[in-house]
Amino acid sequence: MSDDQHAARATALTDLILALFRVNNLTLAWGDRLVAPLGLTSARWQVLGAIVYADRPQPVAWLARDLGANRQNVQRIVNDLAKEGIVAFAPNPHHKRAQLVVLTPRGRAVYDQALRLYDPQIDALAEGLTLDELRTAWRVMTALRNRLERDGGAAGDPA
């Protein structure tokens, strides 16, 4: 690869990363507004989603790993959700101290309400974007995520 091609690729990736930062912030604000009537924030909604989409009940550390989030932050959110009766803790047969986080019936109802708010909004947000564009964006972001996870955030670091 020529120096010009390398520089162009580096610039394009930097532009993409800066756009991702902005999109992430805007998405979180959009999500906060969307689920605020339910007493949720984007962060709480994300944790609920991780619980719903997990194959089985998981401890906080696993939820945090699946979300790519800090364990302490997820623990704080889970504790708050537990105080509100949205999630509960269940014994973990594999680890005495790392309890499993489970959705309560109230939590399931709140999550389902969030999806009912989300569905029409996601259709509006997708307006004008083709399926191929969305799939390509997903592939690029997934490849970057996988590389960052694999390299511990030190992609390209020779050390």
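In this text the structure is predicted, and so the values were computed from the model without any measurement.

Engineer: What is the right way to look at the packing of aromatic side chains in this model?
Structural biologist: Each aromatic ring pair is specified by the distance between its two centres and by the angle formed by the two planes. The final tally for this structure, using the stated rule, is two aromatic pairs. A ring pair is formed by Trp30 and Tyr118, whose centres lie 6.1 Å apart and whose planes are at 65 degrees; its orientation type is edge-to-face. Residue Trp30 is located in helix H1 (residues 3-35), and its partner Tyr118 is located in helix H5 (residues 105-126); the two are separated by 88 residues in the primary sequence. Residue Trp30 is classed as buried on the basis of its relative accessible area of 19%. With relative accessibility at 26%, the residue Tyr118 sits in the partly exposed group. Here the aromatic rings of Trp45 and Tyr118 are separated by 5.7 Å at their centres, their planes lie at 75 degrees, and the arrangement is edge-to-face. Of this pair, Trp45 sits in helix H2 (residues 42-53) while Tyr118 sits in helix H5, placing them 73 residues apart in sequence. An aromatic cluster is built from Trp30, Trp45 and Tyr118, whose rings are joined through pairwise contacts.

Engineer: Can you help me understand the side chain of Thr104 in this one?
Structural biologist: By the element assignment, Thr104 lies in the loop between strand E3 (100-103) and H5. Residues contacting Thr104, with those up to four places away along its chain left out, are Gly85, Ile86, Val87 and Ala88.

Cut-offs and rules
Residues numbered from 1 in each chain as written. Predicted model: local features only at pLDDT ≥ 70, side-chain atom pairs only at ≥ 80, totals over all residues. Heavy atoms only, no water. Phe/Tyr/Trp six-rings, centres within 6.5 Å; stacked < 30°, edge-to-face > 60°. Helix = DSSP H or I, 4+ residues; strand = E, 2+ residues; numbered from the N terminus. Buried < 20%, exposed > 50% of the residue type's maximum accessible area, 1.4 Å probe, protein only. Contact = heavy atoms within 4.5 Å.

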